[in-house]
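Residues per chain are reported as follows:
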Amino acid sequence: MIKSKPFFATSEKSVGSDGYEELAVGLEKLKLNDASLIYEKDTSVALGFGFRCGFLGLLHLEVIQERLEREYDLSLILTAPSVQYRITMEDGSELTIDNPALYPDPSGIAKTKEPFIRAVIMTPDRYMGAIMKLCLDRRGINKNYQYLTNDRLEMIFELPLAEVIFDFYDKLKSITQGYGSFDYEVIDFRKTDLVKLDMLINMERVDALSQLIHRDRAVERARFACDKLRDEIPRQMFKIAIQGAIGGNVIARKTISALRKDVTAKCYGGDITRKRKLLEKQKKGKKRMKMVGQVMIPQAAFLSVLKTDTD
C-alpha cells in the first residue's frame, strides 16, 4: 500500500466555489467500507482546498474516483503523485517539498535528495526475469535474492519512492498474474537530479499536470504525457499546442489539429483569388479564436497521464 498519500484530489466546485465539504463527506463515507483508502487535508496554491490521498494503485484510484462521481455526484481534479524531496539551497537553508508549485528557483539550489525504499518482493521463481526488468527500469538496485521454497523467491531491491508511487504495484501484480507480494520501508534520502516538468495547453500552464521528476526521465515522461493529452482532449475550432517544458525549454510537443469548415465549397470555377480571400479570412478568424479560446480538459486526460504506455 502506498502510505505516503501522494495524490492530491479536489472537487472542481471547490476551485471556484464551495465543493470541499461534499468531497470530505464522500471520502469519509467511502473510508467506512474501504480501509485501504487513506487521506488527509491539504491545500494547493493553484487548486485550492483538497485532500492528499493514498491508494493501492491506479486501479484502486479509478474505483474510488468512479464511486465519488457516481454516488456523490462529484467531479474531481487529480494531480500527479509526488513524494517529499529535501532541497538544500545555496545559502545553506533546507526545504522539504511535495508540491511542484513550491519548487524553488533552480539557480538557487545546491543539491536535492529523494527518498529511497527497501522493497521486498516475494514471487514464484518463473517471474524473476520480468520483476528484475521492472525494477531496473525504475532506477532500482538489486541487493539480494533467496529461495524460500523450491519454487518461491524473495527479491530485495532499493528503489526511489518516486518511481514506485505511479503504477509499480499494478505492474507487479500484472506481470506476476497476482502471485507477487510487495512490501517496503523508507531507508534514507539520496542525492538526485530533480527537475520540474510543466505541461502547457494552448501556451497556458496547467498546474494540475506539473510534476517533479528525475532529469533522465523527463523527456520520456513529457512525450508520453503529450501523446495522452492529444488523444483525450477534444478537437476545437482552432489548433491546440500541447507542450512539455522544463523552465523555458520545451522538450516535447504535440498538436491537435483544428476542425475546419470548407469555406470554398460554394466557389465553383471563377478566379482563384476569390478562394484565396476566403481562406485568408478564415485563417485570421482562427488566429483570433486561438487568442481568446478556452480549452476544456476532461477528467480522463488527468488520469491518462498517470499511466504508462504499457497499460
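Residues numbered from 1 in each chain as written. Predicted model: local features only at pLDDT ≥ 70, side-chain atom pairs only at ≥ 80, totals over all residues. Heavy atoms only, no water.

1. Comments concerning helix 6 (residues 168-175)
Where helix 6 is concerned, the buried positions are Phe168, Lys171 and Leu172. In a view along the axis of helix 6, the buried residues occupy a sector of 100°, so they form one face of it. Looking at the packing, one finds that the buried side of helix 6 touches strand 7 (109-124), helix 4 (128-137), strand 9 (152-160), helix 5 (161-164) and strand 10 (181-192). Where helix 6 terminates, the next one or two residues include Gln177, which has phi positive at roughly 55°. (Buried < 20%, exposed > 50% of the residue type's maximum accessible area, 1.4 Å probe, protein only. Helix = DSSP H or I, 4+ residues; strand = E, 2+ residues; numbered from the N terminus. Arc of directions from axis to C-beta. Contact = heavy atoms within 4.5 Å.)

2. Overview of the environment of Arg70
On the secondary structure map, Arg70 appears in helix 3 (residues 58-72). For Arg70, the side chain forms a polar contact with the side chain of Glu66, separated by 2.8 Å. (Polar contact = N/O pair within 3.5 Å; in protein donor to acceptor, adjacent residues only side chain to side chain.)

3. Overview of the nonpolar core
If you look at the biggest cluster of nonpolar residues, it comprises 30 residues, and the most contacted ones within it are Ile117, Ile121, Ile131, Phe157, Leu159, Phe168 and Phe182. Taken together, the elements giving at least two residues each to this core come down to strand 5 (85-89), strand 7, helix 4, strand 9, helix 5, helix 6 and strand 10. The element best represented in this core is helix 4, accounting for five residues. If you look at the next biggest cluster of nonpolar residues, it comprises 25 residues, including Ile77, Ile201, Ala218 and Ile233. (Core = buried A, V, L, I, M, F, W, Y, C linked by side-chain atoms within 4.5 Å.)

4. Some points on the side chain of Glu163
Note that Glu163 resides in helix 5. There is a polar contact of 3.1 Å between the side chain of Glu163 and the side chain of Arg139. Beyond its immediate stretch of four places on either side in the chain, Glu163 contacts Arg138, Arg139, Phe168 and Arg217.

5. Focus: empty space enclosed by the protein
In total, this model carries two cavities of 30 Å³ or more according to the counting rule given. By volume, the largest cavity is sized at about 60 Å³. Taken together, eleven residues line the largest cavity, and the ones lying closest to its centre are Phe55, Ile64, Leu68, Leu76 and Leu78. Top contributing element to the lining of the largest cavity by residue count: helix 3, with four residues. Along the lines of polarity and charge, the residues of the lining of the largest cavity split into ten nonpolar, one polar and no charged. (1 Å grid on protein atoms, 1.4 Å probe; cavity = no way out; pocket = protein on both sides within 12 Å on 5 of 7 lines; lining within 4 Å. Points joined across faces, edges and corners; volume = space filled by probe spheres on them. Nonpolar A, V, L, I, M, F, W, Y, C, P; charged D, E, K, R; others polar.)

6. Section: the pairing of strand 15 (residues 249-256)
Of the strand pairs in this sheet, strand 14 (residues 240-246) and strand 15 are connected by seven bridges, and their pairing is antiparallel. The partner of Gly244 across the bridge, within strand 15, is Ala252. Joining the antiparallel neighbours strand 14 and strand 15 is a turn of two residues, in which Gly247 adopts a positive phi near 65°. (Pairing = 2+ DSSP bridges.)

7. A word on a positive patch on the surface
A cluster of like positive charges, contributed by Arg86, Lys111, Lys113 and Lys191, occupies part of the molecular surface. In this structure, Lys113 sits in strand 7. (Patch = residues over 30% accessible without salt bridge, like charges linked within 9 Å, V, L, I, M, F, W, Y side chains within 5 Å. Areas by Shrake-Rupley, 256 points an atom, 1.4 Å probe, with all protein chains shown as cover. Salt bridge = Lys/Arg side-chain N within 4 Å of Asp/Glu carboxyl O. Lys, Arg positive; Asp, Glu negative; His and termini not counted. Charge placed at Lys NZ, Arg CZ, Asp CG, Glu CD.)

8. Considering the pattern of salt bridges
Should their charged atoms come close, side chains of opposite charge can pair. Applying the stated criterion across every chain, the model contains 15 salt bridges. Where Glu163 meets Arg217, a salt bridge forms, and the shortest distance between an N and an O atom there is 2.9 Å. Here Glu163 is found in helix 5, whereas its partner Arg217 is found in helix 7 (residues 215-232), with 54 residues between them in sequence. Taking the relative accessible area as the measure of exposure, Glu163 reaches 9% and is therefore buried.

9. Thoughts on the environment of Leu23
Positionally, Leu23 belongs in helix 2 (residues 20-32). It is 9.6 Å that separates the C-alpha atoms of Leu23 and Asp73, two residues lying 50 residues apart in sequence.

10. Things to note about the packing of aromatic side chains
Enumeration over the complete set of coordinates arrives at three aromatic pairs. For the pair Phe168 and Phe182, a centre-to-centre distance of 5.2 Å together with 55° between the ring planes defines the contact as tilted. Placement of the pair is Phe168 in helix 6 and Phe182 in strand 10, with a sequence separation of 14 residues. Both residues of the pair, Phe168 and Phe182, belong to the buried class. Here Arg86 stacks its cationic end above the ring of Phe189, 3.8 Å away from the centre of that ring. (Phe/Tyr/Trp six-rings, centres within 6.5 Å; stacked < 30°, edge-to-face > 60°. Lys NZ or Arg CZ within 6 Å of the ring centre and 35° of its normal.)

11. Digging into the confidence of the model for the protein chain
Averaged over all residues, the pLDDT of the protein chain is 81; the fraction at 70 or higher stands at 82%. Counted against residues more than four places away or in other chains, residues 289-293, with its pLDDT under 50, gives seven contacts. (pLDDT = per-residue confidence, 0-100.)

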